[in-house]
Amino acid sequence: MAFHQARWDEPLLWEIRTPIESKVDPIQGIPEPLLRKTPFRWPEPTELELSRHFTRLSQMNFSIETGIYPLGSCTMKYNPRVGEVLARDLSMTAAHPAQPVSTVQGTLEMLYRLEEALGKITGLPNVSLQPAAGAHGEFTGLLVARAYFHKKGDPRTEVILPETAHGTNPASSSMAGFAPREIPSKDGCVDLRALSDAISPRTAVFMLTNPNTAGLFEEEVLEIADRVHAQGALLYYDGANMNAILGKTNPGKMGFDIAHLNLHKTFSTPHGGGGPGAAALCVTDALTGFLPVPRLVKEGRKFRWSYDHPDSIGKVRSFYGNVGMDLRAFAFIMAHGEDGLRRVSERSVLNSNYLAHRLGKLLPRPFKPLVKHEFLLSGLPLRERGLRTLDLAKRLLDEGVHAPTVYFPSLVEESLMVEPPETESKYSLDAYYSAMERSIKDTDENIHAAPRRLAVGRVDEVAAAKNLRLSWRDLRRTP
Amino acid sequence: MVNWVPPEWEDREMLAELGIGSVEDLFRDIPKKARMGRIGLKPSMEEPALVDLVRGILSKNRPVSGFDSFLGGGVYTRYTPAVVDGLLQRSEYYTSYTPYQPEASQGTLQAMFEFQSLWVELSNLEVANASLYDGATALAEGVLMALRLHPGKRVLVPGSLNWERRSVIENYSHGAGVELVDIPWDPTTGLLDIDFIAREARKDVAAVVVEIPDSFGLLDARLPSLKSTLGEVPLVVYADPMSLSLLEPPGSWGADIVAGEGQGFGLPLSYGGPHLGLLAARLSAVRQLPGRLVGVTQDADGRRAFTLTLGTREQHIRRSRATSNVCTNHSLMALAFLAYATAMGPRGLRRLAEAQHATVGSLVTALQGTRHLQVPRFKTPYLFDVAIGVEGATVDQFLSAMLERKIFAGVPLDDPRPVAPHPRLNAFLATAGPEIDAKAIARYASAARAFGGA
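Residues numbered from 1 in each chain as written. Chains lettered and ligands numbered in written order. Predicted model: local features only at pLDDT ≥ 70, side-chain atom pairs only at ≥ 80, totals over all residues. Heavy atoms only, no water.

Take the overall build of chain B next. On a plain count of helices and strands, chain B comes out with twelve helices and 15 strands. Burial status across chain B gives 67% buried among its 454 residues. Sequence-distant contacts, at least 24 apart, represent 71% of the contacts inside chain B between residues at least 6 apart. Just so you have it, chain B exposes about 15,300 Å², and 51% of that area is on carbon and sulfur atoms. (Helix = DSSP H or I, 4+ residues; strand = E, 2+ residues; numbered from the N terminus. Buried < 20%, exposed > 50% of the residue type's maximum accessible area, 1.4 Å probe, protein only. Contact = heavy atoms within 4.5 Å. Areas by Shrake-Rupley, 256 points an atom, 1.4 Å probe, with all protein chains shown as cover.)

This is the structure in structure tokens:
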């Protein structure tokens, strides 16, 4: 089955219709100096033209519903359609955030039950759904840690993290006012000695992803927790890889104090071409008081928002969270239930080990063979053919499958990070193996020339940065 | 059980290939002491039961159609042409992710390029990113960006700033170690003390933040001349995108950074999220801009193509020294914003904005002389929201009384936290969108007149 993506050469909106220039006449009640004089120019296509434009563009987009999308650490699993139907319930979508709580008891009950479920799943029972995405959850969690140490009169300055950490971890640390310090790994996992050397009374938090970004379970996690706590520091769980451990272990059991969950990963809310995501922040009882306001509380059978939390860090965004996404995550959790969620992780880890085992025959795999939900390969052997991992990724696209995450983590040269979530069948994994095999065995010339079956050929990313054109306005100046 | 995971018989074939006996063997690397028992959730359910469960819970919401809603304050009820959600439901958009492989993702990339162009046209700045989470986080990121452009340890923010946005800026600026200084406002006009800004801007100030319309819904006619008093200090403006169909864009009066909330453009209210953060800046500052950026380039055959660019600003490359930690953004919301604005067109947007402004005016007229209410609270032009003061009762008491008559009468202005540092206004904001007609306004006025106070 040969794959060919649509190739429309679709014009930009303003190339379809000549833009209209809107003029503003005097308006009663608006001061004249404020009225728009700079023309606002934008096209006004017919509805059919608009629809065709965006339909054609969509046909030039690879997506989960187009084919397997095994981006490591992104958990690109099937997004059940029923979530889309349920989330469009008018009583949800039309509700203004300032509506009296008596009129949104259903939505609040859903959020409350989601918080409860996530508390059980993580073993950290105090949950805030305010963060908008994983990185936002990390940032919020670190602000909570900051407030905790501040309240104790022990303001600490450092966050320690493994060099394999997601880039958001150090970035969130800086934003929250900490100095991030990265420590080296050993065999793909935390080097306990390096951790002990780095940790001190200045350490506020050690951030860890488990399984980590090499797909390995950090088997010494309990020892890590002991050493972190012995210094009075907190242990932070980056939940990006939670899909591997549902019902097997949880951050609470492993000794973590704070965890964020990416609801758009593990709990299947759609990734939206880059977002929206949604996150939950889950903490131990000792940290509850620092969570963002408002907190959702239940009194008898009624739900309301509570603002009376003097130690709270305040707000990290407007309102309560990405409620529309929360509903989809709630539906996913309820549908799977106790056994279904455990099966999610079992099958995702099985898929990963199976595909790792098969692809390991084509490319070297670093570290121990047993992995969790994702695994690393190295494209290093391609180098003697004058090829890079990037070339292989481009060639893979021509097979109608998405490439893995490439060049992350940097721990492994020319790395490919593959995550085949639980919703992929054995057939799909075998097809991915075949796609990889055909790609690697293709001629060097063909690989260099890839992709050739997509809307465009190899994109010159260097030229984009050199000759910056970031809007219509730039194109008018430099076509 | 739902059919979202392939059948177990496949497991056996895969396990055989791996040469292991059971899936449980794959979890042997989790230490015994860290293993958990039951999660404590209910059993799985079929899709019809799931739909019943979720709809059953949501049925405890009271349908919005049973109320007259005058709720605004930055997020609004506006009709969205059906074509917008139709396009959003194309799974090629909503089930893809950040376009890391540009060749496979030209659809999202071209749409984001068009979105960036639209926010540039509306704000009349020079470069816009491909979205942030919401207006408050976009404003906070705008402030952080300003701090990278200009030295200084203080940021001037409106004393009238919405408490949520202020709290978000405060939390975002911990890392930068700056102090937020509240610009005083006049209790009669509600407007900022412009002399204070001009005076303080010279004293170690890294950025000045203003809003149009402001958090009281007001239009300050002096803003277009503000930049001339600031010298090199960056001016960060929080602007309602719908207002920019009518108002001179901040980019034309010296704003260096414009942030905004995009919800009013084709996004449902969704009880507060997901909404859309808008951010634009000057091209000279592009390397300090946070978030994803899409640029034009060409493919190997010289055909036009789109790609993410200037990734070296971002966390996945620059790590702790990135311009922001943002990774996942609100791309799908940006697509809705773009499709909505294009479906409405510049003239449609302007008509809608004018109509909303005029309807709020009708509400103000209808409420004249109502006991217990000060309408408007401030003697200053307003745009989409009018601030209304309550006398002889609390805002809560008034809003509750109105709720009994099936009216959502407004959004309280005061910070609801008991320890809030700001003086109490005892006022609220009311808007009147396209769904509010003369009868709804009459019902509001009559209910307000019936309010007997505390």
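How large an interface is tends to be reported as the accessible area lost when its parts come together. Taken together, the contact between chain B and chain A spans 178 residues of the former and 206 residues of the latter. When the two sides are added together, the surface that chain B and chain A hide from each other amounts to roughly 16,700 Å², 62% of it contributed by carbon and sulfur. The three residues of chain B that bury the most area against chain A are B:Trp4, B:Glu103 and B:Tyr271, which together make up 6% of that side's buried surface. Counting every contact that joins chain B to chain A gives 19 salt bridges. B:Glu121 is paired through a salt bridge with A:Arg476; the nearest N and O atoms lie 3.5 Å apart. Taken together, chain B and chain A are joined by 111 residue pairs in polar contact (both at pLDDT 80 or more). (Buried area = accessible area lost by both parts, 1.4 Å probe. Salt bridge = Lys/Arg side-chain N within 4 Å of Asp/Glu carboxyl O. Polar contact = N/O pair within 3.5 Å; in protein donor to acceptor, adjacent residues only side chain to side chain.)

Our focus in this paragraph is the pattern of salt bridges. Going through the model one piece at a time under the given rule, you end up with 65 salt bridges over all chains. Put simply, A:Glu299 and A:Arg304 hold a salt bridge, and the shortest N to O gap is 2.8 Å. With relative accessibility at 33%, the residue A:Arg304 sits in the partly exposed group. Taken together, the shared-partner salt bridges in this structure form one network comprising A:Arg343, A:Arg347, B:Glu8, B:Glu10 and B:Asp11.

How two aromatic rings sit relative to each other is given by the distance of their centres and the angle of their planes. Taken as a whole, this structure holds 29 aromatic pairs over all chains when the rule is applied. Seen from their ring centres, A:Tyr237 and A:Phe256 are 4.9 Å apart, and the 75° between their planes marks the pair as edge-to-face. Highlighted residues: A:Tyr237 in strand S9 (residues 234-239) and A:Phe256 in the loop between helix H10 (251-254) and strand S10 (258-262), separated in sequence by 19 residues. Looking at A:Tyr237, the relative accessible area reads 0%, which means it is buried. Geometry around B:Phe27 places A:Lys248 over its ring, the cationic atom sitting 4.7 Å from the centre. Of note, A:Lys372 hangs over the ring of B:Phe27, and the distance from its end group to the ring centre comes to 5.6 Å. (Phe/Tyr/Trp six-rings, centres within 6.5 Å; stacked < 30°, edge-to-face > 60°. Lys NZ or Arg CZ within 6 Å of the ring centre and 35° of its normal.)

What follows covers the packing of helix H10 (residues 331-366) of chain B against helix H12 (residues 438-450) of chain B. Residues and elements named next belong to chain B. Look at H10 against H12: their axes get within 9 Å of each other, and the N-to-C directions meet at 30°. In terms of orientation, H10 lies roughly parallel with respect to H12. In this structure, the crossing between H10 and H12 has a hand that is right-handed. Here Thr359, Ser362, Leu363 and Ala366 of H10 lie close against H12, whose contacting residues are Ile441, Tyr444, Ala445 and Arg449. Across the contact of H10 with H12, the residue classes break down as five nonpolar, two polar and one charged. (Axes fitted to C-alpha atoms, helices over the stretch in contact; angles between N-to-C directions. Parallel < 35°, antiparallel > 145°, perpendicular 65-115°, else oblique. Left-handed = near helix turned anticlockwise from the far one by under 90°. Nonpolar A, V, L, I, M, F, W, Y, C, P; charged D, E, K, R; others polar.)

In this structure, A:Leu118, A:Ile121, A:Phe206, A:Leu263, A:Phe267, A:Ile333 and B:Leu50 are the most contacted members of the largest nonpolar core, which totals 139 residues. Considering each element in turn, this core owes the most residues, 18 residues, to helix H11 (residues 323-359) of chain A. In this structure, A:Ala455, B:Val84, B:Leu276 and B:Leu332 belong to the second largest nonpolar core, which totals 87 residues. (Core = buried A, V, L, I, M, F, W, Y, C linked by side-chain atoms within 4.5 Å.)

What follows concerns the side chain of B:Thr342. By the secondary structure assignment, B:Thr342 is in helix H10. In terms of polar contacts, B:Thr342 uses its side chain to reach the side chain of A:Trp42, at 3.0 Å. Setting aside anything within four residues of it in sequence, one finds B:Thr342 in contact with A:Leu13, A:Trp42, A:Pro43, A:Glu44, A:Pro45 and A:Leu50.

Turning our attention to unusual backbone geometry. All names here are of chain A. Note the cis peptide between Asn210 and Pro211, where omega equals -5°. With respect to the secondary-structure elements, Pro211 resides in the loop between strand S8 (203-208) and helix H9 (221-230). Following Val293, the chain continues into Pro294 via a peptide bond in cis, with omega recorded as 0°. For Pro294, the location among the structural elements is in the loop between strand S11 (279-283) and strand S12 (295-299). In this structure, Asp9 takes a positive phi of about 45° despite not being glycine.

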